[in-house]
There are 2 protein chains.
Amino acid sequence: MNETIQTLLAHQSIRKFKEQPLTEEMIQTLVQSAQAASTSSYQQVYSIIGIEDPAIKKELATLAGNQTYVEKNGYFFVFCLDYHRHQLIATMAGTNIDDTVQSKEAFMVGTIDVSLAAQNLAIAAESLGLGIVYIGGLRNNLEAVSSLLECPDHVVPLFGMAVGYPDATPGLKPRLPKEAVFHVNGYKKDEEALPVLEAFEQTTATYYKERTGGERQEGWAKQMARVMETPNRLYMKEFIESKGLDKK
Amino acid sequence: MNETIQTLLAHQSIRKFKEQPLTEEMIQTLVQSAQAASTSSYQQVYSIIGIEDPAIKKELATLAGNQTYVEKNGYFFVFCLDYHRHQLIATMAGTNIDDTVQSKEAFMVGTIDVSLAAQNLAIAAESLGLGIVYIGGLRNNLEAVSSLLECPDHVVPLFGMAVGYPDATPGLKPRLPKEAVFHVNGYKKDEEALPVLEAFEQTTATYYKERTGGERQEGWAKQMARVMETPNRLYMKEFIESKGLDKK
């Protein structure tokens, strides 16, 4: 197993960082790594906002639901889906790209592009001995985040990422068994999937029991069924459309 | 610069593969690497379908717009957003998660989850000396792809990925200058971005000119403005909603 695959398999989300900031050179390398990812039809539908102002970090931490690691880390990145650049270009070229930009296809392309770039950044960081955690909590209030970061129309922050020197090692979190997520030639029948999911329920119940000293006993399936019963961020559809995206 | 970052920065999409298939062990390692990626709230909203039946590969190649490298490669993966598993679990637990699954937030979470897993797989492959190319062309006709792969409701193939031993090296494709995609503390003003985009227009015009022996002369901005004038895959919104996703 090579170094890169070792890095991938060793991933754990880090939520406690030392006070040491990233160097300029590191930030440069991370962004360059992000940009090297594949991008749909060469569109490069993303912007990355580095947050260096402590007041903005603090505000983002509050908006993300008081997550201290959004404020306290080596560096904080916000990853945005971005068609503003394409709109600028189209205006200069005298073409109208509204029907493309407003389509669901474009929203999917953008979300995928942003995520590929972000994951490259994450892996580059981990290969340097840094830890990372994705911050979906920014989506609690995208209106406020967008306004704080002065995002124009056609730009939507999708998530943040805290990066830094780890000050805790939570350990690997078990993933679904390969048999549950990997299918061959076609989607698996439920009869095949169910026993695998049941086995995972035991694995994760044991995992949580050990991690919480017996306090938490539910496994993955029970946790999902409970948490997903309550929908959240239901403002999202209206918000995304208000930014001129994913309308048709 | 370490091995992993070298791998990331050396990425080029490979569209011509040797006839050598991947080994079982490689496929195992690639899927395991995919699963090690971060996942939103531990939801693991993805399935990966490995295509081993030559007839299915051929059919997918046709559906993707006659892309031969969908058929001829070392292995072909289809990456699906997947809430079917969560629906199964919820039914067993007697809870109703429809409002969550049908939300735009869930669709974003799923699209991000799938992409992070896929990019891990891509990097693992490249670290093994394999080449990869993402196949967004599957989205030309998702109804047919879904039906061919027997995907139930709440499962949407987002893209494919051909993996294999490279039989061509197209070279690195220039990316937007860092200054165009990287902002600090807030989104950059257009006045700052425009000169950078103009410089990139020259870079890419030269790149295409050299690669096509002078035949193609437009740069990135002109290409984007031209291609994006014609929207495509406008069936997408209706299709995604018909699968019980992204409805509200």
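Residues numbered from 1 in each chain as written. Chains lettered and ligands numbered in written order. Predicted model: local features only at pLDDT ≥ 70, side-chain atom pairs only at ≥ 80, totals over all residues. Heavy atoms only, no water.

**Some thoughts on the pattern of salt bridges**
Here is step 1: By the definition in use, this model includes 22 salt bridges over all chains.
Here is step 2: For the salt bridge of B:Asp246 with A:Lys104, the shortest nitrogen-to-oxygen distance reads 2.5 Å. With one member in each of two chains, B:Asp246 in the segment after α12 (236–242) and A:Lys104 in helix α7 (residues 104–127) form a pair that bridges those chains. For the pair shown, B:Asp246 and A:Lys104 are each scored as buried. (Salt bridge = Lys/Arg side-chain N within 4 Å of Asp/Glu carboxyl O. Helix = DSSP H or I, 4+ residues; strand = E, 2+ residues; numbered from the N terminus. Buried < 20%, exposed > 50% of the residue type's maximum accessible area, 1.4 Å probe, protein only.)

**Here we look at the pairing of strand β2 (residues 75–82) of chain A**
All names here are of chain A.
Here is step 1: Burial within β2 is extensive, with eight of its eight residues counted as buried.
Here is step 2: Neither face of β2 is open: one carries Tyr-75, Phe-77, Phe-79 and Leu-81, the other Phe-76, Val-78, Cys-80 and Asp-82, and all of them are buried.
Here is step 3: Pairing of strand β1 (residues 46–51) with β2, which is carried by six bridges, proceeds in the antiparallel orientation. Each residue of the ladder has a partner; that of Ile-51, found in β2, is Phe-76.
Here is step 4: As paired elements, β2 and strand β4 (residues 155–164) share eight bridges and run antiparallel to each other. Its bridge partner being in β4, Phe-79 is matched across the sheet by Phe-159. (Pairing = 2+ DSSP bridges.)

**What to know about unusual backbone geometry**
Here is step 1: Look at A:Tyr42: it is not a glycine, yet its phi comes out positive at around 65°.
Here is step 2: Tracing the chain through its elements places A:Tyr42 in the loop between α2 (24–35) and β1.
Here is step 3: With phi around 50°, B:Ser41 is a residue other than glycine that occupies positive phi space.
Here is step 4: Among the secondary structure elements, B:Ser41 is positioned in the loop between α2 (24–35) and β1 (46–51).
Here is step 5: Judged by its relative accessible area of 54%, B:Ser41 falls in the exposed class.

**A look at the interface of chain B and chain A**
Here is step 1: Taken residue by residue, the interface counts 118 residues in chain B and 118 residues in chain A.
Here is step 2: Buried surface at the junction of chain B and chain A, summed over both partners, amounts to about 10100 Å²; 64% is from carbon and sulfur atoms.
Here is step 3: Of all residues in chain B, B:Tyr42, B:Tyr187 and B:Met228 give up the largest surface area on contact with chain A, accounting jointly for 9% of the area buried on that side.
Here is step 4: The tally of links from chain B across to chain A stands at 55 residue pairs in polar contact (both at pLDDT 80 or more).
Here is step 5: It is helix α7 (residues 104–127) of chain B that provides the largest number of residues to the side of chain B that touches chain A, a total of 14 residues.
Here is step 6: Pairing geometry for β1(A) and strand β5 (residues 182–184) of chain B, over three bridges, is parallel. Note on β5(B): the bridge partner recorded for A:Ile49 is B:His183. (Contact = heavy atoms within 4.5 Å. Buried area = accessible area lost by both parts, 1.4 Å probe. Polar contact = N/O pair within 3.5 Å; in protein donor to acceptor, adjacent residues only side chain to side chain.)

**Comments concerning the relation of the copies chain B and chain A**
Here is step 1: Once chain B is rotated about the relating axis by 180° and shifted along it by 0.0 Å, it coincides with chain A to within an RMSD of 0.0 Å. Expressed as a symmetry operation, the mapping of one chain copy onto the other fits a two-fold axis. The rotation axis passes nearest to the C-alpha of B:Thr4 in chain B, at a distance of 2.5 Å. (Least-squares fit on C-alpha atoms with pLDDT ≥ 70 in both.)

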